[in-house]
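Commentary on secondary and tertiary structure
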Amino acid sequence: MAALQKSVSSPLRDTLAAGCLLVMVLCAQGGTAAPITSHCRLNESDFQEPYIFNHTFTLAQEASLADNITDVRLIGNKLFHGIHQVTKRCYVLKQVLNFILEEVLFPQSDKFHPYMEKVVPFFSRLSKKLSQCHVESDNQHIQRNVQNLKNTVKKLGESGEIKVIGELNLLFTTLKRECAQVDQGWKMGY
């Protein structure tokens, strides 16, 4: 019985020691800790599902044929105006991705078969992986940029939704460039 109590108390003791060490480190830093934004990343392998690149680009190409608005770009540099940190840029894309899924892809999922039924679950998985991505600091630029995109899509109506689908290839490549971590570190796409 004493041996059982000793083996149980050893992991508890180790956990308490680790907690005390963490408190000491925080005290040595003046009690402040950097915000945790490690959830604002994807792995490059997330973009290597079989055929997803081809399905996404073919879907975008099909929708582009129905897109009659040629003077508006939704997914581009304008999204990142005033936003320079990689984690914040990925957070912008998380917000855009969630909007596109909820307001465009889910309602339009009965169109553009068979590619839509492959691409929507792919983007849904990316959204789920980014669900814990948050930015702790001032994010007025982020909210303004995302709201501008939302307003443009809503103003254009169904044509805006078709345009979004026609730019899924841009969303794919931008998510990969801004959010995917490569083996050697962050891939900075500036």
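Predicted model, so just to flag it, every value in this text is computed and none were measured.

Among the nonpolar cores identified, the biggest contains 45 residues, and Phe123 and Leu175 are the most heavily contacted of them. Counting only elements with at least two residues in this core, the list comes to helix H2 (52-66), helix H3 (86-105), helix H4 (116-129), helix H5 (140-156), helix H6 (158-166) and helix H7 (168-179). When residues in this core are grouped by element, the largest group, 11 residues, is from H3. Excluding residues within four positions of it along the chain, Leu175 makes contact with Phe47, Leu93, Leu97, Phe123, Leu126, Leu130 and Ala180.

Here the protein shows a mean pLDDT of 81. Residues at 70 or above account for 75%. Considering only residues more than four positions removed or in separate chains, one finds that residues 4-9, a stretch of pLDDT under 50, has 0 contacts.

It is worth spelling out the layout of surface pockets at this point. When its volume is computed, the largest pocket comes out at roughly 190 Å³. Contributing to the lining of the largest pocket are Val72, Arg73, Leu74, Lys78, Leu79, His81, Asn145, Asn148, Leu149 and Thr152. Grouping the constituent residues of the lining of the largest pocket by class yields 4 nonpolar, 4 polar and 2 charged.

Burial analysis of H6 places 7 of its 9 residues in the buried class, the great majority of the element. When H6 is considered as a whole, its buried residues turn out to be Gly160, Glu161, Ile162, Lys163, Val164, Ile165 and Gly166. Contacts made by the buried residues of H6 are with H2, H3, H4, H5 and H7.

Looking now at the state of the cysteines. In this structure the tally under the stated criterion is 2 disulfides. Note that Cys40 is cross-linked by a disulfide to Cys133, the S-S spacing being 1.9 Å. Residues Cys40 and Cys133 share a disulfide whose torsion about the S-S bond is about 95 degrees; that sign makes it right-handed. One end of the pair, Cys40, is in the loop between helix H1 (2-28) and strand S1 (42-43); the other, Cys133, is in the loop between H4 and H5, with 93 residues separating them in the sequence.

Parameters at a glance
Residues numbered from 1 in each chain as written. Predicted model: local features only at pLDDT ≥ 70, side-chain atom pairs only at ≥ 80, totals over all residues. Heavy atoms only, no water. Core = buried A, V, L, I, M, F, W, Y, C linked by side-chain atoms within 4.5 Å. Buried < 20%, exposed > 50% of the residue type's maximum accessible area, 1.4 Å probe, protein only. Helix = DSSP H or I, 4+ residues; strand = E, 2+ residues; numbered from the N terminus. Contact = heavy atoms within 4.5 Å. pLDDT = per-residue confidence, 0-100. 1 Å grid on protein atoms, 1.4 Å probe; cavity = no way out; pocket = protein on both sides within 12 Å on 5 of 7 lines; lining within 4 Å. Points joined across faces, edges and corners; volume = space filled by probe spheres on them. Nonpolar A, V, L, I, M, F, W, Y, C, P; charged D, E, K, R; others polar. Disulfide = S-S within 2.5 Å.

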